[in-house]
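Observations on the model geometry
Letter by letter, the chains look like this.
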Amino acid sequence: MLDQGAPPHDNRPTASSAPGAGARLMRRKPVERLVAEGGQGEGGSLRRSLGLWQLTMISIGATLGTGIFVVLGEAVPKAGPAVTLSFVIAGLTALFSALSYAELAGTIPVSGSSYSYAYATMGELIAWVCGWCLVLEYGVSVAAVAVGWGEYLNELLDGTIGVTIPAALSAPPGDGGVFNLPALIVVLLAMAFLMGGARESARANTIMVMVKIGALVLFCAIGVQGLRSGNYENFMPLGMAGVSAAGATLFFSYIGFDAASTAGEEAKNAQRDLPRAILLSLVVVTALYVLVAAVAVGAKPWEDFTDSEAALAQIMREVTGQTFWGTLLAFCAVIAIASVVLTVLYGQTRILFAMSRDGLVPKVFARVHPKTGTPRANTLIVSLFCGVLAAAIPLGQLADATSIGTLFAFALVNVAVVVLRRTRPEMPRTFRVPLSPILPALGFGFCVWMMGSLSTVTWVVFGVWMAVGLVFYFLYGYRRSRLAAPAAPETK
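Our focus in this paragraph is the overall build of the chain. The secondary structure content of the chain amounts to 18 helices and two strands. Here the chain holds 492 residues, and the buried ones make up 58% of them. Counted over contacts in the chain with a minimum sequence separation of 6, partners at least 24 positions apart contribute 84%. When the accessible surface of the chain is totalled, it reaches about 18,600 Å², and 66% of it is carbon and sulfur.

As C-alpha cells, then:
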C-alpha cells in the first residue's frame, strides 16, 4: 500500500529505504525498461532504418579485412603455416560467443550490446566493467585498423605515382615515425560519413564490403598460382603454443560480428534480424579468412612474413612479378579497411550512447541531432580520440589490447545468456542457443583460454585500463546512475 503521508510526487528512496552500496552495485536494469528506452536520447531519437541486409553488411564490414589485410603479417611469425588453424580456433571461439550474442540480441534488441545484456542479468558493476571493455575493444580496434590502412595507402601510392608518405608522417613513435597522419585521416573520413546518418553510412559500407570481398577472391585466384607444397611441410614450427598465441591475436579480427548488436535501436525488425545478421556474417567471414590465409602461407614461406601490415599486396607482386596486381589489391584494401573503421567506429558511438543514457558516462554521448538522428557530439569526441590513438601507438600493441577487451566482454555474454535463461525463462526468444548451458560454457572457456595466451604486457595494460575504469565509475557513474533513483525526475 502507498504511504498516504508521503509527498505525492516524490518517489525517491528515503535514507532508511535506500539500498546499500553492495545492492546498488548488483542492481539489474529490467529488460522491459531497456527495450522501452530504445532509441531515446538527449533531445531526439535514433531512426529505425536498417534491415537484415544492412545489418549483415555492418557485421561483415566491421569484421572482414582486419585480420586478413592487417594482422596476418603479425600472426604468421607466431604460428607458421598453422596460422590457418589459428583462424579456425579463433573462429570457433567467436562462434560459441556469437550464438549467445544472437539469443540476447533477439531478446534485448538495444544498442548497448554486451553492456546492456550484462546490465539486465548481472548488475550495474559488471555491466560497467563490460562496457569499459567494449570501449577498449571498439575504440582501440578503430585505431589499430587505421594503422594498417596507412600501410596499404603507401603501397597504393608507390604502385601508382611512385612516391610514399615519409616514415615520419606514416608511422607512430616506436615504429620509426613521429605521427601516423594516414591513420588519423581515415578515422576523420569515417566520422564524416557517420555524421550524415545511419542509413547513409550503411549504404557506403555495403559498397565497400562488396569491394573487399571481390579483392579477397581475386587474391585467392592469383595467389593459388604461387603455391609451393614445401611451404606447408613444417606446418606447426612453434607448436601448439604458437598456434594459440596467434589465435589470440587473430581473435581481434573477429570482433566485428557483434557490431550488428550495437545497431539494435536503428534496426527495423531487431528481434528477427539481429540474430540472423550476427550468425550469417560470422560464417562468411570465417570461410574467407581460412581460405585466404591458406593461400598466403602457401605462396610465401612463413619465415618471410616480417610483421608487414600489407602482406597480401606484397604476395601478389611476388607471385605475378608485376606491380599492377599488388597495386590493385592495395587499392581494394584501402577501401576495405576504411569500411572496418567506419562500422567499428559506429559501434563504439552506440555503446557509449547506451551507457550515457543510463547515466554512467556524461550526457553529451546521448545527445541526438534532430536533423540526422545521430549522436553527433558523441561521434566527434570518439573519432578524435581514436584518431589520435591511431596516430601515436604501434599496431601490434593495439591489436593485443583489443583482443583482451573483446575476449573479456564475450566471456561475460556467455554467462549472461545462461543467467537470463534461469531468471527470465518465460521471455520470448527469436533464437535460442542449442545445447545450453554446454555451448555457452564452452564459449566462456575458450575466451578464458585465449586470454591466457596473451602476453604479460597486454595483461598489465588491461589491468591498468580496468583500474582507471573502476575509478571513473566510483567517482562518476556510481553517483549519477539513473538506477540510483529510478523514479526521480531527471535534471538537464
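Additional details are given in the paragraphs that follow.
What follows is about helix 6 (residues 114-121). Helix 6 sits mainly inside the fold: eight of its eight residues count as buried. Once helix 6 finishes, Gly123 follows within two positions and takes phi at roughly 105 degrees, a positive value.

Here we come to the pattern of salt bridges. According to the stated counting rule, one finds 11 salt bridges in the structure shown. Among the salt bridges present, the one from Lys300 reaches Glu318, with a minimum N-O distance of 3.7 Å. Taken as a pair, Lys300 in the loop between helix 12 (270-299) and helix 13 (311-320) and Glu318 in helix 13 lie far apart in primary sequence, 18 residues in all. Note on Lys300: relative accessible area 6%, which makes it buried.

Next up on the list: the side chain of Asn180. On the secondary structure map, Asn180 appears in the loop between helix 8 (167-170) and helix 9 (181-196). Apart from residues lying up to four places away in sequence, Asn180 is in contact with Val147, Leu169, Ser170, Ala171, Pro172, Ala390 and Ala391.

Inspection of the entire model under this criterion finds three cavities of 30 Å³ or more. Put simply, the largest cavity is a space of about 70 Å³. Lining the largest cavity we find Leu50, Ile58, Leu194, Ala198, Ser201, Ala202, Asn205, Leu342, Thr343 and Tyr346. When contributions to the lining of the largest cavity are tallied by element, the ones reaching two or more residues are helix 10 (198-223) and helix 14 (323-357). With four residues, helix 10 is the largest single contributor of residues to the lining of the largest cavity. When the residues that make up the lining of the largest cavity are grouped by side-chain class, the tally is seven nonpolar, three polar and no charged.

This part takes up helix 14. The end-to-end C-alpha distance of helix 14, which contains 35 residues, comes to 51 Å, matching closely the 51 Å that a straight helix rising 1.5 Å per residue would cover. Most of helix 14 is tucked away: 29 of the 35 residues are buried. Among the residues trailing helix 14, Gly359 stands out with phi positive, at a value near 90 degrees.

The next subject is the packing of aromatic side chains. Taken as a whole and assessed by the stated rule, the structure comprises 18 aromatic pairs. Aromatic pair Tyr115 and Tyr119: ring centres 5.7 Å apart, planes at 55 degrees, arrangement tilted. Of the two residues, Tyr115 and Tyr119 both sit in helix 6, four residues apart, roughly one turn of that helix. Summarising the burial analysis for this pair, Tyr115 and Tyr119 share the class buried. Seen from their ring centres, Phe446 and Trp449 are 6.1 Å apart, and the 85 degrees between their planes marks the pair as edge-to-face.

Mapped onto the elements of the fold, Ser100 is located in helix 5 (residues 83-107). For Ser100, a relative accessible area of 0% puts it in the buried group. When neighbours within four sequence positions are excluded, Ser100 is seen to be in contact with Val413, Asn414, Val417, Val433 and Pro440.

Parameters and conventions
The numbers attached to residues start from 1 for each chain and follow its sequence in the written order. Given that this is a predicted model, residues contribute local features only at a pLDDT of at least 70 and side-chain atom pairs are listed and counted only at 80 or more, while totals for whole chains, interfaces and linings are drawn from all residues. Only hydrogens and water are removed before side-chain values are computed, so all heavy atoms of the structure are retained for them. A run of DSSP states H or I qualifies as a helix once it reaches four residues; a run of E qualifies as a strand once it reaches two. Both are numbered from the N-terminal end. Only protein chains enter the area calculation, which uses a 1.4 Å probe; residues under 20% of their type maximum are buried, those over 50% are exposed, and those in between are partly exposed. Here a residue-residue contact requires only that any non-hydrogen atoms of the pair lie within 4.5 Å. Only the protein chains shown count as cover for residues, and all accessible areas are computed by the Shrake-Rupley method using a 1.4 Å probe. By definition, a salt bridge exists where a carboxyl oxygen of Asp or Glu is found within 4 Å of a side-chain nitrogen of Lys or Arg. Think of a 1 Å grid over the protein atoms and nothing else: a 1.4 Å probe that fits but is trapped marks a cavity, an open set flanked by protein within 12 Å on at least five of seven lines marks a pocket, and residues with an atom within 4 Å of a point count as lining. Grid points are joined across faces, edges and corners, and a volume is the space filled by probe spheres set on the points. We call Asp, Glu, Lys and Arg charged. Ala, Val, Leu, Ile, Met, Phe, Trp, Tyr, Cys and Pro are nonpolar, and the rest, Gly among them, are polar. For a helix, the expected span equals 1.5 Å multiplied by the residue count minus one. Here the aromatic set is Phe, Tyr and Trp, taking the six-membered ring for Trp, and pairing holds for ring centres within 6.5 Å; pairs whose planes are under 30 degrees apart are stacked, those over 60 apart are edge-to-face, and all others are tilted.

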